[in-house]
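Observations on the three-dimensional arrangement
As a plain string of letters, each chain reads:
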Amino acid sequence: DVKVTQSSRYLVKRTGEKVFLECVQDMDHENMFWYRQDPGLGLRLIYFSYDVKMKEKGDIPEGYSVSREKKERFSLILESASTNQTSMYLCASSLDGTALNSPLHFGNGTRLTVT
Amino acid sequence: LAKTTQPISMDSYEGQEVNITCSHNNIATNDYITWYQQFPSQGPRFIIQGYKTKVTNEVASLFIPADRKSSTLSLPRVSLSDTAVYYCLVNTGFQKLVFGTGTRLLVSP
């Protein structure tokens, strides 16, 4: 069974801090994704990657960057955290390449609070 | 602008069939429609996926009309444990996977 592991379940950071959210998958999947989930807004795509060192912007990339140096690991970086980035962050992976038709496998999320 | 919409909430009773519809007017031509289930404090979990007509697995059925601008998830004989939020997911082109707004299903005894 696919396992997607997010490094932290809960995180509290101060405004202006640089924040790293880490995600690791163990099934050699090509694609990895970062979503944020907010009440009333559902899941919104921040960034995704379909190969090592490749990245594509999602719908809300502003204030975020990503890194994928190894196939199994996809990091989300908040360069200077702000209170409007308080949210639940969900990482996902899927098997195939640019077709994006394989089901997504999600981690259990990181609830980030920026104070 | 891609828009994928679902009813905000639905109520049902144990043993009933529940149908949840998703409207996706900007779906890409060659891509699938996928449905997920999410419980509190967990990531979404895959339920079913289809391209056209009807797909059935051990937990649900998925109905997709010919124009593919909507899809309906059908849950037969729901139980209390089916209380969750249900999302559709479509590829709207430009490699953008867009989740629907989510439907909160409450199943009562």
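Let me begin by describing the structure that accompanies this report. (Residues numbered from 1 in each chain as written. Chains lettered and ligands numbered in written order. Predicted model: local features only at pLDDT ≥ 70, side-chain atom pairs only at ≥ 80, totals over all residues. Heavy atoms only, no water.)

1. A few points about the pattern of salt bridges
Residue and element names in this part refer to chain A. By the definition in use, this model includes 6 salt bridges over all chains. Between Lys-71 and Asp-28 there is a salt bridge, with the nearest N and O atoms lying 3.2 Å from each other. Here Lys-71, found in the loop between strand E7 (64-70) and strand E8 (73-78), pairs with Asp-28, found in the loop between strand E3 (19-25) and strand E4 (31-38); they are 43 residues apart in sequence, far enough to count as distant. By relative accessible area, which is 52% here, Asp-28 ends up exposed. For Asp-38, the salt bridge is made with Arg-36, and the minimal N-O distance between the two is 2.8 Å. Of the two residues, Asp-38 and Arg-36, neither departs from the other in class, the shared state being buried. A single network of salt bridges, built from pairs that share partners, joins Asp-28, Glu-30 and Lys-71. (Salt bridge = Lys/Arg side-chain N within 4 Å of Asp/Glu carboxyl O. Helix = DSSP H or I, 4+ residues; strand = E, 2+ residues; numbered from the N terminus. Buried < 20%, exposed > 50% of the residue type's maximum accessible area, 1.4 Å probe, protein only.)

2. Some thoughts on the pairing of E3(A)
Remember that side chains alternate between the two faces of the sheet whenever the strand is regular. Residue and element names in this part refer to chain A. Burial along E3 is one-sided: the face carrying Val-19, Leu-21, Cys-23 and Gln-25 is buried and the face carrying Phe-20, Glu-22 and Val-24 is not. Sheet topology note: the strand E1 (residues 4-6)/E3 ladder contains 3 bridges and is antiparallel. Across the sheet, the residue bridging to Val-4 is Gln-25, located in E3. Looking at chain direction, E3 and E8 are connected through 6 bridges and run antiparallel. By the bridge assignment for E8, Val-24 is matched with Arg-73. (Pairing = 2+ DSSP bridges.)

3. Let's talk about the packing of aromatic side chains
With the rule as written, the count across this model stands at 11 aromatic pairs over all chains. Ring geometry for B:Tyr36 versus B:Phe99: centroids 5.8 Å apart, planes at 55 degrees, classification tilted. Placement of B:Tyr36 in strand E4 (residues 33-38) and of B:Phe99 in strand E10 (residues 97-99) is noted, with a sequence separation of 63 residues between them. Among the aromatic residues, those joined into a ring-pair cluster are A:Phe33, A:Tyr35, A:Phe48, A:Phe106, B:Tyr36, B:Phe46, B:Tyr87 and B:Phe99. One cation-aromatic arrangement involves B:Arg68 over B:Tyr51; the distance from NZ or CZ to the ring centre is 4.1 Å. (Phe/Tyr/Trp six-rings, centres within 6.5 Å; stacked < 30°, edge-to-face > 60°. Lys NZ or Arg CZ within 6 Å of the ring centre and 35° of its normal.)

4. Examining the pairing of strand E7 (residues 61-64) of chain B
All names here are of chain B. In this sheet, E7 lies alongside strand E6 (residues 53-56) in antiparallel orientation, the contact comprising 4 bridges. In the sheet register, Val-55 faces E7, and the bridge partner there is Leu-62. Linking E6 back to E7 in an antiparallel pair, the connection comprises 4 residues. Sheet topology note: the E7/strand E8 (residues 70-75) ladder contains 3 bridges and is antiparallel. Following the sheet pairing, Phe-63 is matched in E8 by Thr-72.

5. A closer look at the interface of chain A and chain B
Listed as interface residues are 22 residues of chain A and, on the opposing side, 19 residues of chain B. Of the roughly 1700 Å² buried where chain A meets chain B, counting both sides, 53% is carbon and sulfur surface. At the surface where chain A touches chain B, the tally comes to 0 salt bridges. At the boundary of chain A and chain B, one finds 5 residue pairs in polar contact (both at pLDDT 80 or more). Elements represented by at least two residues in the side of chain A that touches chain B include exactly E4 and strand E5 (42-49) of chain A. The element best represented in the side of chain A that touches chain B is E5(A), accounting for 4 residues. (Contact = heavy atoms within 4.5 Å. Buried area = accessible area lost by both parts, 1.4 Å probe. Polar contact = N/O pair within 3.5 Å; in protein donor to acceptor, adjacent residues only side chain to side chain.)

6. Quick look at the sheet that holds E1(A)
Residues and elements named next belong to chain A. As summarised here, the arrangement of the 4 strands in space is E1-E3-E8-E7, forming an open sheet in which the pairing is antiparallel. Whereas interior strands pair on both sides, the edge strands pair on one side only; in this sheet they are E1 and E7. Strand-to-strand twist across the sheet, computed as the mean angle between neighbouring axes with direction ignored, equals 20 degrees. (Axes fitted to C-alpha atoms, helices over the stretch in contact; angles between N-to-C directions.)

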